[in-house]
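Coordinates in review
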Amino acid sequence: MNNTNISTLPESFHHKIIGAFGDLGKEWLYSLPALLSDCEQRLDLKIGAQLRHLSYGFVANAIQSDGTEIIIKAVVSVAELSHEIKALELMSGPGMVDLLHADKIKGILLLEKLMPGETLATLESDSEATCIAAEVMQKLWRLDNHQDFPSTQQWFEWLAQPINASSIVSPSLIDRARKISEELHQSMSEPVLLHGDLHHFNILSAARQPWLAIDPK
């Protein structure tokens, strides 16, 4: 039986989930222990320690019945998960973590465990890290024939709207971002499917490849 309970989850995780999802987030947090126990029984695995830095989903180590170490991920937003599953499938290969199992209804993913699993941010040389990130990007790119994915043009449309920015984000900086976005989209040839959230903490060291991406959006 899984021993995860609400009290063992970091307070910052509670704040993130409730802040992002409101009452739905509260219900999800309350039901999480039962959801994980159900996964252990149905998928024949044992869930271990949760990862230290939880973002907007629960992520933990797990062991399958044959002894294989994997990662289990549980999320609130099933709509966003659907895009993540499709991106993992389309980008499968030498640049992306392997998707082992997906349950869209319950919001559960089983993923390849990357070892040693250090983030690209641990490299001291920013130049080396940037080159590695560029190599991973090239391994992930796919021609985008899937209209149900959001586009970067849609993402950046909000820059044309009135923005109530904080004091640390100047209007001139927002205007510069808008102009750069327009220039980049005008120079684009064929649209490609992008990771959507690729940064130094979403690229991990691995055995199958030196570096692999996780958490596509």
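Residues numbered from 1 in each chain as written. Predicted model: local features only at pLDDT ≥ 70, side-chain atom pairs only at ≥ 80, totals over all residues. Heavy atoms only, no water.

1. Quick word on the packing of aromatic side chains
This is how the line gets drawn: Between 30 and 60 degrees the pair is tilted, below 30 it is stacked and above 60 it is edge-to-face, where a pair is any two Phe, Tyr or Trp rings, Trp via its six-membered ring, whose centres lie within 6.5 Å. Strands here are runs of E lasting at least two residues and helices are runs of H or I lasting at least four, both read from the DSSP assignment and numbered beginning at the N terminus. Working rule: Lys NZ or Arg CZ, within 6 Å of ring centre, within 35 degrees of ring normal, means a charge sits over the ring.
Under the criterion given, the structure shown has one aromatic pair. On the basis of an interplanar angle of 65° and a centroid distance of 6.2 Å, the ring pair of Phe13 and Trp28 is categorised as edge-to-face. Of this pair, Phe13 sits in helix H1 (residues 11-21) while Trp28 sits in helix H2 (residues 23-43), and the two are 15 residues apart along the sequence. It is Lys16 that lies over the ring of Tyr56; its NZ or CZ is 5.9 Å from the centre.

2. Things to note about helix H6 (residues 171-187)
Spelled out, the test is: Multiplying 1.5 Å by the residue count of a helix minus one yields the expected span of that helix. We call two residues in contact when some of their heavy atoms are within 4.5 Å.
Here H6 spans 25 Å end to end across 17 residues, near enough to the 24 Å set by a 1.5 Å rise per residue. Residues of H6 that are buried make contact with helix H5 (152-156).

3. Side note on H2
The following threshold applies: Throughout, bend refers to the angle between the axes fitted to the seven residues that end at a position and the seven residues that start at it. The classification of residues rests on relative accessible area computed with a 1.4 Å probe and restricted to protein chains. Under 20% of the type maximum is buried, over 50% is exposed, and intermediate values are partly exposed.
Helix length check: H2 (21 residues) gives 28 Å between terminal C-alpha atoms against 30 Å at 1.5 Å per residue, within 8%. Along H2, the helix axis deviates most sharply at Leu32, where the bend reaches about 50°; the proline Pro33 sits within four residues downstream. Every buried residue of H2 is listed here: Gly25, Trp28, Leu29, Leu32, Pro33, Leu35, Leu36, Ser37, Cys39, Glu40 and Leu43. In this structure, the buried side of H2 is in contact with H1, strand E1 (45-50), strand E2 (57-64), strand E3 (69-75), strand E4 (99-103) and strand E5 (108-112). Downstream of H2 by one or two residues, Asp44 has phi in the positive range, about 55°.

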